[in-house]
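Given next are the chains, with one letter for each unit.
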Amino acid sequence: MLPALVLPPKSLFPAPSPAPQEINGSVPPVVLGTRSSRRMSELAQSLYDWLYRGLSLRSAGLIVGLLLVATHAYAFFNYHQLRPALKEAPRNKRLGTILLAIALAWSLLLVSSMDMGEFWRVRRVALVLLPVTFGLMLAYVDEFLTARDLGILLLLAASPVLDAAFLEPPKSRILLPILAYVWILIGMFWVGMPYLFRDHLGWATATEARWKKLSLGGLAYGALLLVCALAFWGGA
């Protein structure tokens, strides 16, 4: 007779751990073992959920409208004060560094919290490569850094605006996508051809009359967004 085959207990061969499960559309953040890190992860996830999932059409209209009104009203009354600063802005490394830090923080928030589907394994690599890439930009691509940073921020800002207006019933919602696609178009050119930022500023500030007309145009568009958001665009 053949000796009985004795198998080792199953506990010696644990089953492989499954891939992280999606929770509310995103992979839960890695727990680092400290309360502060968990709170930061929860805060980042909450901010992402509000910005990319919870932002209503009315809220987006109010925020964008107020920003347009405030910035263009200030520009309208401060041409002589802003013109010298804008002339130096494309090569202002200090301003470029600040904007780059904001773009990096926004990018890290996006990559750490977004639903990457089957590419969830790339998340850790991206979280490492992002600071390295931005650091290399600061070290070796510092010419027209402000222009590139503003282009990146415009590209990042377009997404939540488009999400807020997506499939919403009011036809006037088209005001937000139009603005978002203008941001995307300008942002791509400023990132890839940053000297255009200098040319655009030079053209806009060439005369006070042109500057004031452009400021009034932005002011009027922001006011139109505010009116639509309050009158036609649902609840917040």
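Residues numbered from 1 in each chain as written. Predicted model: local features only at pLDDT ≥ 70, side-chain atom pairs only at ≥ 80, totals over all residues. Heavy atoms only, no water.

*Asks:* Would you mind going over the overall build of the protein chain with me for this structure?
*Replies:* Helix and strand content of the protein chain: nine helices and zero strands. Counting from the amino terminus, the protein chain carries its helices and strands in the arrangement α-α-α-α-α-α-α-α-α. The buried share among the 236 residues of the protein chain stands at 33%. When contacts within the protein chain are restricted to residue pairs at least 6 apart in sequence, those whose partners lie at least 24 apart make up 77%. When the accessible surface of the protein chain is split by element, carbon and sulfur atoms take 70% of a total near 15,100 Å². (Helix = DSSP H or I, 4+ residues; strand = E, 2+ residues; numbered from the N terminus. Buried < 20%, exposed > 50% of the residue type's maximum accessible area, 1.4 Å probe, protein only. Contact = heavy atoms within 4.5 Å. Areas by Shrake-Rupley, 256 points an atom, 1.4 Å probe, with all protein chains shown as cover.)

*Asks:* Just checking my understanding: could you explain unusual backbone geometry for this structure?
*Replies:* Note: most peptide bonds trans; most residues except glycine with negative phi. Phi is positive for Phe144, close to 55°, though the residue is something other than glycine. Mapped onto the fold, Phe144 is located in the loop between helix 5 (122–140) and helix 6 (145–165). Look at Leu167: it is not a glycine, yet its phi comes out positive at around 60°. Along the chain, Leu167 falls in the loop between helix 6 and helix 7 (175–192).

*Asks:* Just to check I follow, could you spell out the pattern of salt bridges for this structure?
*Replies:* One pass over the full model with this rule turns up five salt bridges. Note that Arg198 is salt-bridged to Asp199, the shortest N-O span being 3.2 Å. With a relative accessible area of 35%, Asp199 lands in the partly exposed category. (Salt bridge = Lys/Arg side-chain N within 4 Å of Asp/Glu carboxyl O.)

*Asks:* I would appreciate a short explanation of the confidence of the model for the protein chain in the present structure.
*Replies:* Low-pLDDT stretches of the model should not have their predicted coordinates read in fine detail. In the predicted model, the protein chain carries a mean pLDDT of 85, and the fraction of residues at 70 or more is 85%. When the criterion is pLDDT under 50, residues 1–33 qualifies, and its contacts beyond four places in sequence or with other chains add up to 27 contacts. (pLDDT = per-residue confidence, 0-100.)

*Asks:* How should the packing of aromatic side chains be read in this particular structure?
*Replies:* Where two aromatic rings form a pair, the distance of their centres and the angle of their planes describe that pair. Evaluation of the coordinates by the stated rule reveals four aromatic pairs. Note on Tyr79 and Trp211: the rings are 6.1 Å apart at their centroids and 50° apart in plane angle, and the pair reads as tilted. Taken together, the positions of Tyr79 in helix 3 (residues 79–88) and Trp211 in helix 9 (residues 208–231) put the pair 132 residues apart, joining distant regions of the chain. For Trp211, a relative accessible area of 10% corresponds to the buried category. Summarising the aromatic geometry, the rings of Trp190 and Phe197 are spaced 4.8 Å apart at their centres and angled 75° between planes, so their arrangement reads as edge-to-face. (Phe/Tyr/Trp six-rings, centres within 6.5 Å; stacked < 30°, edge-to-face > 60°.)

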